[in-house]
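So the chains spell out like this:
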Amino acid sequence: MKNTTQPELWGHVHWLTVLAQQGSYTAAAARLGVSKAAMSQRVSELEKLAGIALVQRTTRSVRLTEAGQRLVDQTRAAFDQIAQGFAQVRDLAERPQGLLRVTAPVALARQQIVPRLAGFLREHPQVRIELNLSDRLASLATEGFDLAIRHTDHPPDTHVAWTLCETRSLLVASRSHLRRQGTPRHPQDLAGHPCLHYPRPQEDPAWTLERQTSQGPERVTVQIGGPLAANNSEALRDAALSGLGIALLPDFSAQAALQAGKLVQVLPDWQPVGSFAGRICAIRPYSAHVPRAVTAFVDYLRGALAAGFSPADA
C-alpha cells in the first residue's frame, strides 16, 4: 500500500464514522454512494495504518472495537463542523441547491407530498430530492436525512419542528354500506357495525368521540370490531370504499373521496379523539445552521397545504 499522508487519512476516518452510524458495510456503502468492497477496503487500509483493529466483524453485524469507537468519538465533532461549514458556504448562492433527503410516512407522502413535489422542483431546479417513504420512525441524524415529515403532536424536544398544517380525524363509510347496515346516530351504535381501524399494540379496539354540548364536552368511548385492521390509512380508506365498514381516517386520506361523494362522513357532530395527531410537521435535528433548501421546502409545503388537502388528491 502506498505511503498515505495525514490529509489523505481524513476520508478513511470519515468512512469509519459513517460505518459506526449505519451499523453495516452495506448500509454505510449505500449512504456514501460507493461499493461495499470499496467500503471494506478503506476500513482495512485505515486499520493497517493505525496498527490496531478498529472493527469487529461477525456474520450478522459490525461493531467498532474500543480503539475504533474512540477514534470515531474524537473526530465526529470535527466532521460535523466541516459539513456545517460547507452547507453555509453552499448557501451563499442566491438559490437553494443540492440534495435534500426527506423521509415521510407512506400514505401521507403518496397522497399529499408527492403530488406537490413537481411544483417545488420546477420552482427550485437546482434542488434534488431523495424521498424515503416509510412508516418506520427513522433517526434523522444517524441515517442522514435532512428533514422528516411527521403526523404528530409531540415532535422530539431535541428537534426543530415547523407545523405545516392542522388535521383532524373523521369517521367515514360508503353509501352502500350505510344502506345495508343503517346510519349510526350515536357513538354507541358503532358497536353494532363492522369498523375498520388502525391496530394499537396491546389494546382492545376502541374509539373515543367527543362533542360540545350546552353543559360542556361529552365524551364517549365504544369498543369496536370489524373484518380489517391495517396500519395504513390508504388501506383503510380503500376498504371503506369497498363497503367493508366504517373507517376512522385522518382527513388527508378521506378528503378526496368525500368531495367526490364516494364516502360520506358518519357522526359529523362528534369528533374522534386520541387516534391520530392533529398536526402535520416538518422536523429536523436542532442545528445552528439550516440549509436554504430545507427552509425553501418547508415554506413551500406550508403554503401548498394551507389551501387544504383536496387539490393534490383530485
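As a reminder, the structure under discussion sits directly above these lines.
All figures in this text were calculated on a predicted structure; none of them were measured in a lab.

J.: Just to check I follow, could you spell out the overall build of the chain for this structure?
T.: A tally of helices and strands in the chain yields eleven helices and 14 strands. Over its C-alpha atoms the chain spans a radius of gyration of 25 Å, topping by over 25% the 20 Å that the globule rule assigns to 314 residues. For the chain, the residues scored as buried account for 43% of the 314 residues in total. Residue pairs at least 24 apart in sequence account for 74% of intrachain contacts in the chain once pairs closer than 6 positions are excluded. Counting every atom, the chain has about 16700 Å² of accessible surface; 50% of that belongs to carbon and sulfur. Positive and negative charge centroids in the chain, built from 33 and 27 side chains respectively, lie 5 Å apart.

J.: Could you clarify how one ought to interpret the pairing of strand β9 (residues 206-213) in this entry?
T.: For a regular strand, side chains alternate in direction, first toward one face of the sheet and then toward the other. Bridge count between β9 and strand β10 (residues 216-223): eight bridges; the pairing is antiparallel. Counted as the bridge partner of R211 is E218 from β10. Here β9 folds back onto β10, and the loop between the two strands holds two residues. Pairing of β9 with strand β13 (residues 271-273) involves three bridges; the strand directions are antiparallel. Of the residues in β13, the one forming a bridge with T208 is V273.

J.: Whenever I open this one, the sheet that holds β10 confuses me. Can you help?
T.: Working definition: the strands of a sheet are paired by backbone hydrogen bonds and lie parallel or antiparallel to each other. One open sheet accounts for three strands, arranged β10-β9-β13; its pairing is antiparallel. The outermost strands of the open sheet, each flanked by one partner alone, are β10 and β13. Neighbour-to-neighbour, the strand axes of this sheet turn through a mean angle of 35 degrees, independent of strand direction.

J.: Please clarify how the pairing of strand β5 (residues 147-151) should be interpreted in this entry.
T.: Of all the five residues making up β5, four are buried; the element is thus mostly covered by neighbouring parts of the structure. Alignment of strand β3 (residues 98-104) against β5, held across two bridges, turns out to be parallel. By the bridge assignment, V102 is partnered in β5 with L147. In this sheet, strand β14 (residues 279-285) lies alongside β5 in antiparallel orientation, the contact comprising four bridges. Across the sheet, the residue bridging to H151 is I280, located in β14.

J.: Looking at this structure, how should I read the pattern of salt bridges?
T.: If charged atoms from side chains of opposite charge come close, those side chains can pair. Summed over the entire model, instances satisfying the criterion amount to seven salt bridges. A salt bridge links E234 to R110; the nearest nitrogen and oxygen atoms lie 2.8 Å apart. In this pair, E234 sits in helix α8 (residues 233-241) while R110 sits in helix α5 (residues 106-123), placing the two residues 124 residues apart along the sequence. Classification of E234 by relative accessible area gives buried; the value is 10%. Between R302 and D299 there is a salt bridge, with the nearest N and O atoms lying 3.6 Å from each other. Note that R302 and D299 are positioned in helix α10 (residues 292-306) at a spacing of three residues, about one turn of the helix.

J.: Help me understand the packing of α5 against α10 in this model?
T.: Packed helices, taken two at a time, are described by the angle their axes make and the gap between the axes. At a minimum axis distance of 10 Å, the contact between α5 and α10 shows a crossing angle of 120 degrees. The orientation of α5 relative to α10 falls into the category oblique. Here the hand of the crossing between α5 and α10 comes out right-handed. Here α5 contributes Q112, I113, R116, L117, G119, F120 and E123 to the contact with α10, which in turn contributes A293, A296, F297, Y300, L301, A304 and L305. Among the residues forming the contact of α5 with α10, the class breakdown is ten nonpolar, two polar and two charged.

J.: Any chance you could explain the nonpolar core here in plain terms?
T.: Within the largest apolar cluster, 25 residues are counted, with the highest numbers of intra-cluster contacts made by L147, I149, L164, I280 and F297. For this core, the secondary-structure elements that each account for two or more residues are β3, α5, β5, β6 (159-166), β14 and α10. Ranked by the residues each element gives to this core, the list is headed by α10, at seven residues. If we skip the residues at most four places from it in the chain, L147 touches R101, V102, T103, L140, W162, A282, I283, R284, V294, F297 and V298. Of all hydrophobic cores here, the second largest spans 18 residues; its members include V13, V18, A29 and V72.

J.: Hey, could you run me through the sheet that holds strand β8 (residues 195-196) in this one?
T.: Pairing within the open sheet is mixed, and its four strands lie in the order β8-β11-β7-β12. Because the sheet does not close on itself, it has two edges, and the strands there are β8 and β12 (264-265). Strands in contact with α8 are β8 and β11 (246-250); relative to β11, the strand with the most contacts, it is inclined by about 145 degrees. Across the sheet, helix α9 (residues 251-259) touches β7 (169-173), β11 and β12, and the angle it forms with β11 is around 115 degrees.

Thresholds, definitions, all that
Residues numbered from 1 in each chain as written. Predicted model: local features only at pLDDT ≥ 70, side-chain atom pairs only at ≥ 80, totals over all residues. Heavy atoms only, no water. Helix = DSSP H or I, 4+ residues; strand = E, 2+ residues; numbered from the N terminus. Rg over C-alpha atoms; globule rule 2.2 N^0.38 Å. Buried < 20%, exposed > 50% of the residue type's maximum accessible area, 1.4 Å probe, protein only. Contact = heavy atoms within 4.5 Å. Areas by Shrake-Rupley, 256 points an atom, 1.4 Å probe, with all protein chains shown as cover. Lys, Arg positive; Asp, Glu negative; His and termini not counted. Charge placed at Lys NZ, Arg CZ, Asp CG, Glu CD. Pairing = 2+ DSSP bridges. Axes fitted to C-alpha atoms, helices over the stretch in contact; angles between N-to-C directions. Salt bridge = Lys/Arg side-chain N within 4 Å of Asp/Glu carboxyl O. Parallel < 35°, antiparallel > 145°, perpendicular 65-115°, else oblique. Left-handed = near helix turned anticlockwise from the far one by under 90°. Nonpolar A, V, L, I, M, F, W, Y, C, P; charged D, E, K, R; others polar. Core = buried A, V, L, I, M, F, W, Y, C linked by side-chain atoms within 4.5 Å.

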